[in-house]
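Letter by letter, the chains look like this.
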Amino acid sequence: YYDNGVRKILIEDSATNVILGSDFQNWGIIRSGASVSSNIYPAPNNTNEAVLIDLGSNTDGRATTGSGGGTVLSVYLKKHENDPNGTFPIAENINGVYEKTLLNLTDEWQRFYVYSPNLNNGNAGFSRQGNSNDEETLTRAYAWGIQSETGTKATSYIPNTFSNGTSTRTADTLQ
């Protein structure tokens with residue numbers, strides 16, 4: 001890849017995506033009017049694999065994985081084309097309490113990262129419920145490639161379409 005016009009080589013350690021259903025098809029908890037669409041929207045990888053997360057109008061609307069196990073959560077998001085730029089809530093359920101982080105969405109796909117050493121004690125996803133003084137301005141967003149892994153930073157996307165299991169990428173090597 002190129003970084004400011006300079007050719008670089010990306011070499012990553014082994015990593016495991018522990019989110020069951022990184023394609024959003026095997027999600028465990030959809031509540032209070034929230035919905036997750038089928039994979040029918042253009043995604044960052046030039047496929048129609050993105051979904052529309054709609055948290056609905058209820059303040060308890062949520063769509064979460066029902067699984068966790070990592071410490072870094074990452075996902076590609078962009079706002080719905082009929083909405084203004086705004087904030088959308090990503091959340092972690094830590095022992096029954098949702099910890100919400102508001103993400104600034106635009107018309108462009110962006111990869112967001114949330115580091116939480118407590119994430120391995122709960123599940124992750126999107127929720128209007130939570131402990132934020134600021135309220136989200138968006139209740140729907142396009143999403144693709146959600147991932148949860150251990151460590152302090154996210155690695156490149158590791159698809160995990162399993163409904164029961166993880167997906168691991170082996171470490172890169174140079175010869």
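Residues numbered from 1 in each chain as written. Predicted model: local features only at pLDDT ≥ 70, side-chain atom pairs only at ≥ 80, totals over all residues. Heavy atoms only, no water.

Things to note about the pairing of strand E13 (residues 140–149)
The test is simple: Relative accessible area decides the class of each residue, using a 1.4 Å probe on protein chains only: under 20% of the type maximum gives buried, over 50% gives exposed, and in between gives partly exposed. For helices the rule is a DSSP run of H or I covering at least 4 residues; for strands it is a run of E covering at least 2, with both sets numbered from the N terminus onward. Pairing between two strands is assigned when DSSP locates at least 2 bridges connecting them.
For E13, the buried fraction is high: nine of the 10 residues fall into the buried class. As paired strands, strand E6 (residues 51–54) and E13 are joined by four bridges and run antiparallel to one another. Residue pairing for E13: isoleucine 53 is matched across the bridge by alanine 141.

Brief notes about the pattern of salt bridges
Working definition: two side chains of opposite charge can pair if their charged atoms are close together. Applicable threshold: Only one rule defines a salt bridge in this text: a Lys or Arg side-chain nitrogen within 4 Å of an Asp or Glu carboxyl oxygen.
Inspection of the entire model under this criterion finds five salt bridges. One salt bridge in this structure joins aspartate 3 and lysine 8, with 3.8 Å as the shortest N-O distance. Exposure remark for aspartate 3: the relative accessible area of 33% places this residue in the partly exposed category. Across the pair glutamate 136 and lysine 100 runs a salt bridge, and its minimum N-O distance is 2.9 Å. Here glutamate 136, found in the loop between strand E12 (122–127) and E13, pairs with lysine 100, found in strand E10 (residues 97–105); they are 36 residues apart in sequence, far enough to count as distant. Among the residues examined, lysine 100 registers a relative accessible area of 9% and is labelled buried. Here the salt bridges do not stand alone but share partners, grouping Lys100, Glu135 and Glu136 into one network.

Here's the deal with the packing of aromatic side chains
Note the following rule: Ring pairs are drawn from Phe, Tyr and Trp, using the six-membered ring of Trp, whenever the two centres fall within 6.5 Å, and their geometry is named by plane angle: stacked under 30 degrees, edge-to-face over 60, tilted for the rest.
Inspection of every chain in the model, using the stated rule, returns four aromatic pairs. Ring plane angle 45 degrees and centroid distance 5.6 Å describe the contact between phenylalanine 88 and phenylalanine 126, whose orientation is recorded as tilted. Placement of phenylalanine 88 in strand E9 (residues 86–94) and of phenylalanine 126 in strand E12 is noted, with a sequence separation of 38 residues between them. By the burial criterion, phenylalanine 88 is buried, and phenylalanine 126 matches it. Among the aromatic residues, those joined into a cluster by ring pairs are Tyr76, Trp144 and Tyr157.

With respect to a nonpolar patch on the surface
Let me state the cut-off plainly: Patch membership is restricted to residues that have no salt bridge and whose relative accessible area is over 30%. Joining uses 9 Å for like charges and 5 Å for the nonpolar side chains Val, Leu, Ile, Met, Phe, Trp and Tyr. All accessibility values rest on the Shrake-Rupley procedure with a 1.4 Å probe; residue burial counts only the protein chains present in the view.
On the surface, Ile9, Ile11 and Leu174 cluster together to form a nonpolar patch covering roughly 330 Å² of accessible area. By secondary structure assignment, the location of isoleucine 11 is in the loop between strand E2 (6–7) and strand E3 (15–17).

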